[in-house]
Each structure stands twice: as structure tokens, then as C-alpha cells.
Amino acid sequence: MAALIADQATAARERAVWELLAQVPDPEIPVLSIVDLGIVRHVRHGADGRLSIGLTPTYSGCPATEVIRSSVRNALEKHGHAQAAIEEVLSPPWTSDWLTPEAHRKLAAFGIAPPEGAVSSPKQLWRATVVTCPRCGSRATARVSEFGSTPCKAHYQCSACREPFDYFKCL
Ligand SMILES: [Zn+2]
């Protein structure tokens, strides 16, 4: 019985940390939280009471990774988890399949084409993929530039509605 209550308390504490992390925005696309992105692998209270957070980078070398780490660190410190360990989880590697349905909805609402299909590498993704216009849904789109407003975005234009838009190629 005591063990069960302790388990429930741990679960509640872990849930609170998940909620905290859901407030940490992705630096590339601030409408998405890092939980929407699917890069938070675990939140665990160990038997010793120590909190550990597992994060998976979207791809190695993405400049956002360091920013995300320090945002998570700040959020944890602000809420009394200064002792938390942030672990980098490299396996399995992140794929766009880990984006939550909520993330797809938010991306489309933000005017960014969500990634289509599973990919093994971001480069392969945006060279080969047909990108759907986030505004009108047309698949008749063309890449205008390899780089959009940030290095993780490519700039596209829709041939149907003529609207330019960003495609998030790091996802
Ligand atoms: Zn369009």
C-alpha cells in the first residue's frame, strides 16, 4: 500500500515535469513545444529521488539542440529541479514520426508544411519529398530556395495559390 502511494506520487511528479516541458518552445518554430516535437524521451524520478530528462536531438549538429538544452535547464531550475540530469538519448534516432498529431495541426496553422512520411535523414527528406501547400493543400509546389528564414527551413512556393511558404526540412 505504501509502495502504491509512493508510485502514484512519483507519477504525479513526473506528470508535472511533462507539463513544464510542454511549455518549452522549439527555438526554430516557437508554436511547437519540445513535447510536440517528440524529442523528450523520458522523465524519470529515480529511486534516489533524482530527476532525469532524456532528450533526443532532431538531427546531430542542429544549432537548435544547444538552445533547447539550456531552455530545459532554465525551466527545471525555475521550478525547483536544479539537480535534474539532462541526458542525451541518441538511440533510436529521432524521426518525424515522433511529431505529435497536435504538432502537425500547429505546423499547418502556422503556415509551415508539416513533414510527409517517415525519413531516415533530413537531407534525403527534403530533396525527394512532394511538399503539400499548407494553405490550399495543393501538391503542385516548387522549392524556391534551400534556405528559408532559418537554416532548418526551405522556402517553397505553391503553383496553385501562388503563396510562398516554409517547409521544415530538419523534421
Ligand atoms: Zn497553395
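What follows concerns the confidence of the model for the protein chain. The predicted model of the protein chain has a mean per-residue pLDDT of 83, with 84% of residues at 70 or higher. Within the protein chain, no element has a lower average pLDDT than helix 5 (residues 122-128), which sits at 45, and none a higher one than strand 2 (residues 51-55), at 95. Across residues 118-128 the pLDDT falls below 50, and counting only partners more than four positions away or on other chains, this stretch makes 15 contacts in the model.

Time to look at the nonpolar core. With 31 residues, the main nonpolar core has Ile 34, Val 40, Phe 165 and Tyr 167 as its most contacted residues. Within the residue set of this core, elements represented by two or more residues are helix 1 (2-21), helix 2 (34-37), strand 2, helix 3 (64-78), helix 4 (101-109), strand 4 (112-113), strand 6 (153-158) and strand 7 (164-168). Of the residues forming this core, the biggest block, 4 residues, is contributed by helix 3. Counting contributing residues, this core receives three or more from each of domain 1 (2-88) and domain 2 (100-168). With residues up to four places along the chain from it excluded, the contact list for Phe 165 reads Gly 111, Ile 112, Ala 113, Cys 133, Pro 134, Arg 135, Tyr 156 and Cys 158.

Here the amide bond leading from Ser 91 into Pro 92 is cis, since omega sits at 0°, within 30 degrees of zero. Along the chain, Pro 92 turns up in the loop between strand 3 (85-88) and helix 4. A positive phi angle, near 70°, is found at Arg 162, a position not held by glycine. Along the chain, the position of Arg 162 falls in the loop between strand 6 and strand 7. You can call Arg 162 exposed: it has 10 C-beta atoms within 10 Å.

Calculation criteria
Residues numbered from 1 in each chain as written. Predicted model: local features only at pLDDT ≥ 70, side-chain atom pairs only at ≥ 80, totals over all residues. pLDDT = per-residue confidence, 0-100. Helix = DSSP H or I, 4+ residues; strand = E, 2+ residues; numbered from the N terminus. Contact = placed C-beta atoms within 7 Å. Core = buried A, V, L, I, M, F, W, Y, C linked by C-beta atoms within 7 Å. Buried ≥ 20, exposed ≤ 12 C-beta atoms within 10 Å, placed from the backbone. Domains from an automatic or database assignment.

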